[in-house]
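Listed below are the residues making up each chain.
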Amino acid sequence: MSAFTLTRVDAALLCCAAPLLSFLILGLTPALRRTGRIAGYVSIAFAGLSTLYAASLLQGRMFAAASPPDIGQVGWLYAGGKLVASMGVQVDGISASMLVVVTVVALCVQVFSLGYLHDEPPAALGRYYTWHSLFLFSMLGLVVAPNALQLFLCWELVGLASYLLIGFYFKKPSAGQAAVKAFWVTKFADIGLGAGLLVLYVFTGTFDWSPQAVQLLGATGAAWTAGLFFLAVMGKSAQFPLHIWLPDAMEGPTPVSALLHAATMVAAGVYLIVRTYPIFQAAPGVLVFMTFLGAWTALFASIIACSQNDIKKVLAYSTAAQLGYMVSALGAGELWPGYFHLVTHAAFKALLFLGAGALIHAVHSNNLQDMGGLWPKLKISGTAFIIGAMALAGVPGFAGFFSKDAILDVLLERHLFAPWIALLAAAGLTAFYMTRVVMLALFGKPGHHTEHAHESPPSMLAPLVLLAIAALTLGFAGTSLATAAGHEYAFHLSTSGLIASSLALLGIGVGWLAYGKNAFVPGKIPAFAFVQGIVESSAVDRSFAWSYRVVFQGVSGGVAWFDRYIIDGFMNFSAWLTQMAGERLRAAQTGRVVDYLYAVVAGLLLLAAAGFWR
Amino acid sequence: MIDWMGSLQILAVPLLLTVSMLVLVFADLLLPAAAQPKGNQGPLSFRDLRKAQAEPVPGVQRADILGWIALVQLALCLAASFVAPQGVLPGGSYVHDAMAVLMERVLLVAGILAILGAFGHVRQSFARRQGEFYALLQCSLVGMTLLAGTRDLLLLVVAFELMGIPLYVLATFAKTDKNAAGDATPGRKSAEAGMKFYLVGALSSAITLYGVSLLYGLSGSTHIADLARIPSSPLLQVASALVVAGFGFKLGLAPFQFWIPDTYEGAPTPVVSFFSVAPKIAGLLALTQILLGGLLGHLQLWLPGLVGMSVVTMTAGNLLALPQLHLKRLLANSGVAQMGTMLIGVFAAATLGAKGHGLSALLFYFIAYLAANTGLFLVIETLAHDGSEPSERDLIASLSGLNRRSPGLALAALVCLLSLAGIPFAVGFWAKLYVFLAAWEAGYAWLVLVAVGVSVIGLFYYLRVARSMYLGEPRVTTPVRSPLTLSVAVTACALATAGLGLYPSVIVEATRTAAAAWLH
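Everything numeric in this text was worked out from a predicted model, so none of it was measured. (Residues numbered from 1 in each chain as written. Chains lettered and ligands numbered in written order. Predicted model: local features only at pLDDT ≥ 70, side-chain atom pairs only at ≥ 80, totals over all residues. Heavy atoms only, no water.)

Now for the pattern of salt bridges. Residues and elements named next belong to chain B. Tallying each qualifying case throughout the model produces 19 salt bridges over all chains. The partner of lysine 196 in a salt bridge is glutamate 192, with the nearest N and O atoms 2.7 Å apart. Here lysine 196 pairs with glutamate 192, and both are found in helix H8 (residues 185-219), just four residues apart, close to one helical turn. Residue class for lysine 196 comes out buried when judged on its relative accessible area of 4%. Exposure remark for glutamate 192: the relative accessible area of 34% places this residue in the partly exposed category. In this structure, aspartate 262 engages arginine 329 in a salt bridge whose closest nitrogen and oxygen atoms are separated by 3.0 Å. With aspartate 262 in helix H10 (residues 259-266) and arginine 329 in helix H14 (residues 327-352), this residue pair connects regions lying 67 residues apart in the sequence. Take aspartate 262 and arginine 329: they sit in the same class, and that class is buried. (Salt bridge = Lys/Arg side-chain N within 4 Å of Asp/Glu carboxyl O. Helix = DSSP H or I, 4+ residues; strand = E, 2+ residues; numbered from the N terminus. Buried < 20%, exposed > 50% of the residue type's maximum accessible area, 1.4 Å probe, protein only.)

If you want it as structure tokens, here you go:
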């Protein structure tokens, strides 16, 4: 037995510290950063270290499921003589498994990027890995946060990393615009998190989510806190109508989309709900709203995904839809199914994005029309992509099937029929649009660039294989994961599971008939044509644009007027007054000592008088 | 039987400082020939020395050896503050408690920063007088460290003068300075600075002494604690007003603050970086000792006047800083406003005593102010020392485009500016927040609102400086050259400002322990 033993708190700290160290090393030594690939190796090495610590933590948790969470905190901010905020780590089943999810996906993505971005100039590649390390550190800090304030700070940091990575191709105007849009939409939503923190603090005097804090909050406080938090969740986790930034965020490099905008960062919103779930549970109104909004987002985004021609946009809308599943399930009042879906989704959606990256890499285009017939050339990437698609579609046995089933089961159990039906429909649509993507990209007639396509290098294939294995097997790990997190879960084939998988198979069948066999042209079927017509005429986008114009420009116009003439007027006036006062007062500063001595005497007399006058 | 050894140990830091000062004076006498850098025309005769003192001959420079000696001495004193035992001097005139220890360390750090910052200036302008320069600085520090623990009016007055008189001399130290065009204006300004400082200081010392003598007459004892026994009377009213007014001058509270911009403008900048902070915080603490330790029972006699002074000081300081184009005058006036804000902590401590957090907030403010204000003055010194824009020396315009010339220096200055303005996650934000929270708890909500209101003005002029650094066009494109010691001092100040802003609890505990030593 060595004298040096690592507690779980230490391991969690090291897990977070590794990417921070990598960020500092790359950030502070421009010479190393500009080497590009070597910077990448540094970042990957530290991410690997982080992954090891995370895995050891999860393993420890698996065997100590019943023990209370390991919490290590240090006092950070004091005000008025008492401790206001701490920083530290909280390791329990949920955060340990989330750590593994984040580190494994991040590691896969960082390795994948070596191949995917091999044409980038070294300086750009170094910058890329620097931001990746920053992101990983912030995300891990968010995951282990023992209180809401630290979570908030890391939340903002991942937002910053997202902005920087979306804008990686900053010379492309659309990438810059997308980065700014993502930043503003999520920042707008983050007002909710900030305000929710204030409410939490006012009611409880802490930023904790402990049972005592929830008790202090009461019904009113919990409703306000949960409601405001949920606004932030809507932004981060792309829930209708704040999902608009997510499709645009696909301007970033595909591996970034896989890590941030599919597997981990967008799931931070859902993770926030999971973390502060006691507060949400004390706010039933918010929960109901979540169920319906999540289901609506799932349905709505799935419909749009059916008509997208950009492979990444399909996946982006599908991400919004799957996040809708999670939100809806959490709204139904049970924690585990939503969180379980978060974990499986992270695996298969990262796989899908990286697979899409391999396809894009092969044909140098995002467009499904440019692909086609890639299967014979990309056997390994193609297989991985198909596995991901089947997991997302919910084909029995694949990861998505288990978690989706658990979600639907909970909704039915709670008699939430409308969301249940919406999510079932979304499940069918998911199977349909994924079949469409697979058929258009891998099979069918060869596209313009198929000829020159070639299989990806090993650095890209290895992460694909790893994630494909996860997408195949993660569903069966549900029970042990649940146990580690202190929840009960055992798979059983339920009514909704049967219906969902039938619908999934139906969706696959229809998709195969339409795009594989070309048995019919979907556009000719009235109902389908109607939906597609709406989408293709971009009525949805335009109605959005219109409503944003009306609502935002109307409101903001009014606000701007008020700001310009009333507030600015007042500010300008007081600024003018202040300036004037300053200039006038300056006259007293004569530079003559005698005057200063007079001032001393005058001040003395005033002071003496002040006492007598009282 | 008096325990002499024990007493000496209790007084270790001030005593060590005194010894250091004497060593420095003698070293100055003995070292000149030995301290000649190589390559000069041999040892100088006494006559040459006098001539060189009158006007520095370019190229004939003495090595910085005396500066290094002074620096090592201060470091030793700082180390001594960690081993010197706490205790009370027989007779009770001096108490070495947690408060005195904390203040000793803060003041010694201020001294170290000033010396690090002064190296370049000393070598350039008054290399012949460097022994006196450092010795006077240490002499002033002796007074300051004594002030932190004094419980006796007599010792207080003596320590106060010990702190103040060397500063008058230091302010005039650049009297032989010339600007690049050979014009002697900077030297004349320095002489003017010292003269004004001295004249107003002499008057206010007289006022303080008069007040103190009245207090002694009333209580029959020089012990500050004995002042509590005095019955309330109009004479006590007059006496406390005299004391407050006398201190008001030293601290630069309105309407006694007029000397401050003139003095800061003329005095050598490293000296300003020292006496804009160290004597201010030592003086405010001494005033707090008299008010809390002696006159707390007569709160109604002095509090209204002091609250009024605080409001006037914050307002006048900020308003006067607003139109300034001269950086040192701007910082001088903004420092006046900062002193007004610090006073709020005294009110909170006086009202709530041990229940409140006014005193610890005040101590926190001292440290925050030390880091940011010293840092900024040293940035000004760096630019002046670089001298690439002589016509704009010490003006805001000299910072124009600094970010493109020396990004690191600009960043350091920005951090300090943000801290003084009280922007979150710079240490100044916490300093203001703690003081305001303590005052709010003590029932001074209106005062807090006034303070927040006028500090908005501060935001404007601090950020105007920042705008000039980041958006202005550089007149010169070469990077700013700076002596290593100066860079070290600036970096230390900026790092402390940023680091303590991110993790303030490092010093919160120390300030609370120190405050508890006074309030029980």
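Structure shown, so let's carry the discussion forward.
Take helix H8 (residues 211-236) of chain A next. Residues and elements named next belong to chain A. Here H8 contains 26 residues, and its C-alpha end-to-end distance of 26 Å is more than 12% below the 38 Å for a straight helix at 1.5 Å per residue. Roughly 105 degrees is the biggest bend found in H8, and it falls at glycine 218. Remark: alanine 238 follows H8 within two positions and exhibits a positive phi of approximately 55 degrees. (Expected span 1.5 Å × (residues − 1). Bend = angle between axes of the 7 residues up to and from the residue.)

What follows covers the domain arrangement of chain A. Residues and elements named next belong to chain A. Looking at the assigned domains, one finds that chain A contains domain 1 (1-146), domain 2 (283-521) and domain 3 (547-613). With 19 residues of domain 1 at the contact, the number on the domain 2 side is 23 residues. The tally of links from domain 1 across to domain 2 stands at zero salt bridges. Mapped onto the side of domain 1 that touches domain 2, the elements with two or more residues apiece are helix H3 (37-62) and helix H4 (93-116). Take the side of domain 1 that touches domain 2: its biggest share by element is 14 residues, from H4. (Domains from an automatic or database assignment. Contact = heavy atoms within 4.5 Å.)

Residues and elements named next belong to chain A. With respect to the element layout, serine 97 can be found in helix H4. A residue is classified by how much of its surface remains accessible, and serine 97, at 6% relative accessible area, is buried. A distance of 2.8 Å separates a polar atom in the side chain of serine 97 from the backbone oxygen of glycine 93. Separated by 2.8 Å, the side chains of serine 97 and tyrosine 339 make a polar contact. (Polar contact = N/O pair within 3.5 Å; in protein donor to acceptor, adjacent residues only side chain to side chain.)

Right, let's get into the interface of chain B and chain A. With 45 residues of chain B in contact, the opposing surface of chain A contributes 32 residues. At the boundary of chain B with chain A, total buried surface from both sides reaches about 3400 Å², with 75% on carbon and sulfur atoms. Counting across the chain B and chain A interface gives zero salt bridges. Applying the counting criterion to the chain B and chain A interface returns three residue pairs in polar contact (both at pLDDT 80 or more). (Buried area = accessible area lost by both parts, 1.4 Å probe.)

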